[in-house]
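# Structure assessment
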Amino acid sequence: MITVISYCLFALLVMGATMVKRRVPRQLMLLAASYLFYSTWGLAFLAILVSSSLFNFFYGEFLKRGPSLGRLAGGVAANVLLMAFFKGTHLAIFVNSHAMDVLRGIAMPLGISFWTFQALSYLFDIYRQEELDPTPVEFCLYMAFWPTVVMGPICRLGNMLPQFREVRVVSSENVLIGSKRILMGLVMKLGISQILAVGLVAGTGVSAAFDQQSVPYGGLDVWFLAIGYGLQLFFDFAGYSHIVIGAARLFGFELAENFNSPFIASTPSEFWTRWHMTLTSWIRDYVFVPMATLRRDVWWRYAALLFSMTLFGLWHGAKATFILWGVYEGALLVIHRLVQQFRRNRSVNLPVPLDGALSWLVTFLAVSLGWIFFRSRDLGQAMNMLGSTLSPGSYLHPVLPASYFFLVSAVFIAYIAHKTILAPTLARLKEAMTPAASQRLAEFGLTGQFVTVVSLIPLIFVLFLSILHNGSESVTPFVYALF
Amino acid sequence: MTETEQAQALLNYLSSNVLRRPGIKLTADSSLVASGLIDSFALVDVLTKLEEVSEMRIPAGKVRPKDMDTVNLMLAMAKRVGKPRQQK
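Remember, predicted model here, so these are calculated numbers, not experimental data.

### Digging into the overall build of chain A
For chain A, the helix and strand inventory stands at 20 helices and zero strands. On C-alpha atoms alone, chain A measures out to a radius of gyration of 24 Å, which is about the 23 Å that the 2.2 N^0.38 rule sets for 483 residues. Once the C-alpha set of chain A is aligned to its principal axes, its extents read approximately 70 × 65 × 55 Å. Expressed as a percentage of its 483 residues, the buried residues of chain A come to 39%. The contacts of chain A with a sequence gap of at least 6 include a subset with a gap of at least 24, amounting to 75%.

### Side note on the overall build of chain B
Of regular secondary structure, chain B possesses three helices and two strands. Going from the N terminus to the C terminus, chain B shows its helices and strands as α-α-β-α-β. Expressed along its principal axes, the backbone C-alpha trace of chain B runs to roughly 35 × 25 × 20 Å. Among the 88 residues that make up chain B, the fraction classed as buried is 27%. A sequence separation of at least 24 residues applies to 61% of the contacts in chain B between residues at least 6 apart.

### Let's talk about the nonpolar core
Residue and element names in this part refer to chain A. In terms of nonpolar packing, the biggest core is built from 128 residues, with Ala-33, Leu-123 and Ala-144 touching the most fellow members. No fewer than three residues from each of domain 1 (11-150) and domain 2 (173-396) sit in this core. The next biggest cluster of nonpolar side chains, apart from the first, holds seven residues, and it includes Phe-263, Ala-265, Phe-271 and Trp-275.

### What to know about the interface of chain B and chain A
Facing the 14 residues of chain B at the interface are 15 residues of chain A. The residue inventory of the side of chain B that touches chain A, partitioned by class, reads seven nonpolar, four polar and three charged.

### Concerning the domain arrangement of chain A
The extent of an interface is frequently quoted as the accessible surface area lost upon association of the parts. All names here are of chain A. Assigned domains of chain A: these are domain 1 (11-150) and domain 2 (173-396). Relative to domain 2, the C-alpha centre of domain 1 lies at a distance of 27 Å. With 14 residues of domain 1 in contact, the opposing surface of domain 2 contributes 12 residues. Sorting the residues of the side of domain 1 that touches domain 2 by element identifies α4 (69-90) and α6 (112-127) as the ones contributing at least two each. Broken down by element, the side of domain 1 that touches domain 2 gets its largest block of residues, five residues, from α6. Among the residues making up the side of domain 1 that touches domain 2, the classes are represented as eight nonpolar, five polar and one charged.

### Digging into helix α9 (residues 172-198) of chain A
With 27 residues, α9(A) should cover 39 Å at 1.5 Å per step; its first-to-last C-alpha distance of 37 Å lies within 8% of that length. Of all the bends in α9(A), the largest measures some 25 degrees and sits at Met188(A).

### Some remarks on the environment of Thr420(A)
Here Thr420(A) lies in helix α18 (residues 402-432). Separated by 156 residues in the primary sequence, Thr420(A) and Ile264(A) have C-alpha atoms spaced 8.3 Å apart.

### Observations regarding the environment of Val222(A)
Within the element layout of this structure, Val222(A) appears in helix α11 (residues 219-250). Overall, Val222(A) belongs to the buried group, with 26 C-beta atoms counted inside 10 Å.

### Details of the confidence of the model for chain A
On average, residues of chain A score 89 in pLDDT, and 95% of them reach the 70 mark or higher. Mean pLDDT across the elements of chain A bottoms out in helix α5 (residues 98-104) of chain A (57) and peaks in helix α7 (residues 136-144) of chain A (97).

### Observations regarding unusual backbone geometry
Cis geometry is found at the peptide bond from Gly152(A) to Pro153(A), where omega equals 0 degrees. On the secondary structure map, Pro153(A) appears in the loop between α7 and α8 (157-165). The residue His276(A) is not glycine, and still its phi comes out positive at about 40 degrees. Tracing the backbone shows His276(A) in the loop between α12 (268-271) and α13 (277-292). According to the C-beta neighbour criterion, His276(A) is buried, with 24 such atoms within 10 Å. One non-glycine residue, Glu55(B), adopts positive backbone phi at about 55 degrees. Structurally, the position occupied by Glu55(B) is in the loop between α2 (40-54) and β1 (56-57).

### Concerning the packing of α11(A) against helix α17 (residues 379-389) of chain A
All names here are of chain A. Two elements in contact, α11 and α17, have axes separated by 7 Å at closest approach and are oriented at 120 degrees. Classified by the angle between their axes, α11 and α17 sit oblique to one another. Crossing hand, α11 versus α17: left-handed. The segment α11 lies against α17, with Gly-219, Val-222 and Trp-223 engaging Met-385, Ser-388 and Thr-389.

### Describing the packing of helix α3 (residues 43-65) of chain A against α6(A)
Residue and element names in this part refer to chain A. Two elements in contact, α3 and α6, have axes separated by 9 Å at closest approach and are oriented at 5 degrees. By the angle between their directions, the pair α3 and α6 is classed as roughly parallel. For the pair formed by α3 and α6, the contact residues are Leu-49, Ser-52, Asn-56, Tyr-59, Gly-60, Leu-63 and Lys-64 on the first element and Trp-115, Thr-116, Ala-119, Tyr-122, Leu-123, Ile-126 and Tyr-127 on the second. For the contact of α3 with α6, the class distribution of residues is nine nonpolar, four polar and one charged.

### Here we look at the environment of Thr4(B)
Residue and element names in this part refer to chain B. Topologically, Thr-4 is positioned in helix α1 (residues 3-18). Thr-4 sits in the exposed class, given 10 other C-beta atoms within 10 Å. Residues Thr-4 and Asn-72 lie 68 residues apart in sequence; the distance between their C-alpha atoms is 9.7 Å.

Analysis parameters
Residues numbered from 1 in each chain as written. Chains lettered and ligands numbered in written order. Predicted model: local features only at pLDDT ≥ 70, side-chain atom pairs only at ≥ 80, totals over all residues. Helix = DSSP H or I, 4+ residues; strand = E, 2+ residues; numbered from the N terminus. Rg over C-alpha atoms; globule rule 2.2 N^0.38 Å. Buried ≥ 20, exposed ≤ 12 C-beta atoms within 10 Å, placed from the backbone. Contact = placed C-beta atoms within 7 Å. Core = buried A, V, L, I, M, F, W, Y, C linked by C-beta atoms within 7 Å. Domains from an automatic or database assignment. Nonpolar A, V, L, I, M, F, W, Y, C, P; charged D, E, K, R; others polar. Expected span 1.5 Å × (residues − 1). Bend = angle between axes of the 7 residues up to and from the residue. pLDDT = per-residue confidence, 0-100. Axes fitted to C-alpha atoms, helices over the stretch in contact; angles between N-to-C directions. Parallel < 35°, antiparallel > 145°, perpendicular 65-115°, else oblique. Left-handed = near helix turned anticlockwise from the far one by under 90°.

Structure, rendered in structure tokens:
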């Protein structure tokens, strides 16, 4: 009952804030709405978020008075310790004592990895003497902003501050774009990601394959599980990102994008500029570049790459499989660099179409294989599965049902066809449209807004089918809610 | 070197050593990082070149990738945070 009242009050505050012209009352209403929203997961969590926000605001003021490396290190250490306490105790790996059992029982504040990284970026920016002058209310709002507080996208204060200071417009364009993004997100999550997780026939999807493995998998099974999980994770998190970006857009806020067609990347480094972009750019700006520029030697740059990607893995949790996933992805980036260097030195050139296709295929398969580390229950399962890919005989005896192979192939082919044929064709058509042709179409009522509204119909239809298909099956939680 | 010469030296270096896609015409205001023309690994090479042409030492930790997005922004950053190199 309290939760229902909280959500109603939250909706009233968010909508009310769009009508208030004066800055401080508007910001206070948005902050109250954000805290109300976050408090539905527990008041203790809210207390931690508020404490962290106030600490970082006042530490930022302290850092502004003397932006030294020592002061920055103090602020970073405090934030990392807070995050490590909750994440480390939650998923402790190496220590196995009674004390750790007690600590493991402590719940992790929702979104702590996301808002702590936002706080850290603020401290780094202050150290770099960026001109940021938030008020306490603005900083608390930046940390707790309702669309981003749970699972990102990880924002930067420099992008959010102007939006918090100006009146946001609820226009028909914003409502249309926002609604479309929300619908797309729901289709990606409730439709595609859910069906990959559960399977065409309940219990034959990715979740059961990893969590209830009873027989050793063959090489083909492992490749399809890796690809299937990569797709599930993408549709889950990109779907979530669409929903929150769309929800913020309804009220005139524009958030940073998190995904940009990652599976069409043709090199590992390109993949990491397209996947969870707000986190990868955070790691690039605040870890890789500062570390890599400390020394000019090439080996140091490779070490910085490996360290950055290991940290990227560790961000997901203090678990051996996440750390190994980060190391693996870092190693891929280093290998890619070495191959690139070798080809440049030896002038190894393939015909462009063959080079592009080969590069894409190798990147896709190599990145996909890494998901085995990310998703496995433990290190033993990951090693067994990876071992199967190296055993040629095991490829002859797949154990997963035919429906699973069909499902993953269908989703994969549809995704690639959409990205390489449908989307570019639609973009070309849009470009080819002359103003005169647009005007002529508008005379028949075919305006841009009309086309957007019509494009919502197939989305609603697919969403309806997804809900029907899911039936009584409970929807799998968002994967990134764990982090 | 004048500022124009510094910009030209950087543009030549970028075109011949760094760009992911060949045959692209660059100006001192062309976006490099945001447009994906160069990646973060190459940023360090560009930074080394920037130090060479500007004759400045740019402290690690003060480099913001957004300041490396165009040649003009790079030169402005070198001026702002760079320290004159000690002559050997």
